[in-house]
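# Residue-level structure breakdown
Each chain is listed here by its residues.
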Amino acid sequence: MTGRPAARGRGCAPSVPYPWLIDGPALRRRPSGAERPAGERPDGARQPDGAGPDAPPEAVFFDRDGTLIADVPYNGDPDLVAPLPTAREAVATVRALGIPVGVLSNQSGVSRGLLTRRHVEAVRARVEDLLGPFAVWAICPHGPDDGCGCRKPAPGLLHAACRRLGVRPDRTVLIGDIAADLGAARAAGARGILVPTAQTRPEETAEAHETAPDLLAAVRQALWAGRTGAAR
């Protein structure tokens, strides 16, 4: 995200460098703070044990800005939320297979004093109005110099979302539009797929192990191409 930093307002910068986790409808029915047992899907069904390398992922995670929706710098206005082409169909394709979907997003505007949690929640609600519910949202509200372990390309967001869902990081996929997304996937042992946009630097595309021309193609690649079959 881009934009001019503002002075931090009182209560804007988190005092503890951990991500914000926002549960989807299935997880909200669990007791507060309870994590889903490993191997259990949000609907209560069991994940298959001993899945091979070509088995579908246990969860698919998406970056938010520039991947699911248009990247509006430091956006806290739900009226500015606009899904990117194929986003609705891509997310629906994963849900149709009973695989949890989640969102992992850096939101440094909170640390910079440009956004509050209310802004982030309002945008999340609008995204779900347009694209349907996600099983979990993991948000990093910190800035580059805050010393957290969750700001992508660090793996903290992915690890936190996997713990909440009860899935193994190495059995998940993260789809994003910049190198930080792929770096987070790599650091967590997950599979990363890059969907380049006008904001993606050429070197990020050149260095990506897997790319796709749009979000729906990335999802199809994640679900049916196997862990190595679609590598560049």
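Scroll up for the structure.
Note that the coordinates shown come from a computational prediction; the quantities given were computed from them, not determined experimentally.

## With respect to the pairing of strand β6 (residues 191-194)
Of the two faces of β6, both are covered, the one formed by Arg191 and Ile193 as well as the one formed by Gly192 and Leu194. Here strand β5 (residues 172-176) pairs with β6 via four bridges, running parallel. Of the residues in β6, the one forming a bridge with Val173 is Arg191. In this region the chain leaves β5, passes through helix α5 (residues 179-188) and returns to the parallel neighbour β6; the handedness of that crossover is right-handed.

## Notes on the pattern of salt bridges
Under the defined criterion, the tally for this structure stands at twelve salt bridges. Of the charged contacts, one joins Asp63 and Lys152 as a salt bridge, the two residues approaching to 2.9 Å between their closest N and O atoms. Of the two residues, Asp63 is situated in strand β2 (residues 59-63) and Lys152 in the loop between β4 (136-140) and α4 (156-165); the sequence distance between them amounts to 89 residues. Of the two residues, Asp63 and Lys152, neither departs from the other in class, the shared state being buried. A salt bridge links Glu121 to Arg117; the nearest nitrogen and oxygen atoms lie 3.6 Å apart. Of the two residues, Glu121 and Arg117 are both situated in helix α3 (residues 117-131); the distance of four residues between them amounts to about one turn of the helix. For Glu121, a relative accessible area of 24% translates into the label partly exposed. With a relative accessible area of 34%, Arg117 lands in the partly exposed category. What you see here is one network of salt bridges that share partners, running through Arg117, Glu121, Arg124 and Glu128.

## What to know about α3
Compared with the 21 Å implied by 1.5 Å per residue over 15 residues, the 21 Å span of α3 between its first and last C-alpha is a close match. Regarding α3, the residues found buried are Val120, Val123, Arg124, Val127, Glu128 and Leu131. Buried residues of α3 fall within an arc of 140 degrees about the axis and therefore sit on the same side. Facing away from the buried surface of α3 by more than 90 degrees, the exposed residues are Arg118 and Asp129. Of the residues one or two after α3, Gly132 is the one with positive phi, at around 90 degrees.

## With respect to unusual backbone geometry
That bond from Lys152 to Pro153 is cis: its omega, 20 degrees, falls within 30 degrees of zero. Locating Pro153 in the fold gives a position in the loop between β4 and α4. Notably, Tyr74 is not glycine yet its phi reads approximately 50 degrees, a positive angle. Its place among the elements puts Tyr74 in the loop between β2 and α2 (87-96). In this structure, Thr86 is a non-glycine residue whose phi angle is positive, near 70 degrees. Residue Thr86 is classed as partly exposed on the basis of its relative accessible area of 26%.

## Regarding the packing of aromatic side chains
This structure, assessed with the given rule, holds one aromatic pair. With centroids separated by 5.7 Å and ring planes inclined at 75 degrees, the aromatic side chains of Phe134 and Trp137 adopt a geometry described as edge-to-face. No difference in accessibility class separates Phe134 from Trp137, as the two residues are buried. Taking NZ or CZ as reference, Arg95 lies 5.3 Å from the ring centre of Phe134, over its face. Looking at Arg117, its charged tip hangs above the ring of Trp20, at a distance of 4.8 Å from the centre.

The rules behind each value
- Residues numbered from 1 in each chain as written.
- Predicted model: local features only at pLDDT ≥ 70, side-chain atom pairs only at ≥ 80, totals over all residues.
- Heavy atoms only, no water.
- Buried < 20%, exposed > 50% of the residue type's maximum accessible area, 1.4 Å probe, protein only.
- Helix = DSSP H or I, 4+ residues; strand = E, 2+ residues; numbered from the N terminus.
- Pairing = 2+ DSSP bridges.
- Right-handed = clockwise from strand over helix to strand, strands pointing away.
- Salt bridge = Lys/Arg side-chain N within 4 Å of Asp/Glu carboxyl O.
- Expected span 1.5 Å × (residues − 1).
- Arc of directions from axis to C-beta.
- Phe/Tyr/Trp six-rings, centres within 6.5 Å; stacked < 30°, edge-to-face > 60°.
- Lys NZ or Arg CZ within 6 Å of the ring centre and 35° of its normal.

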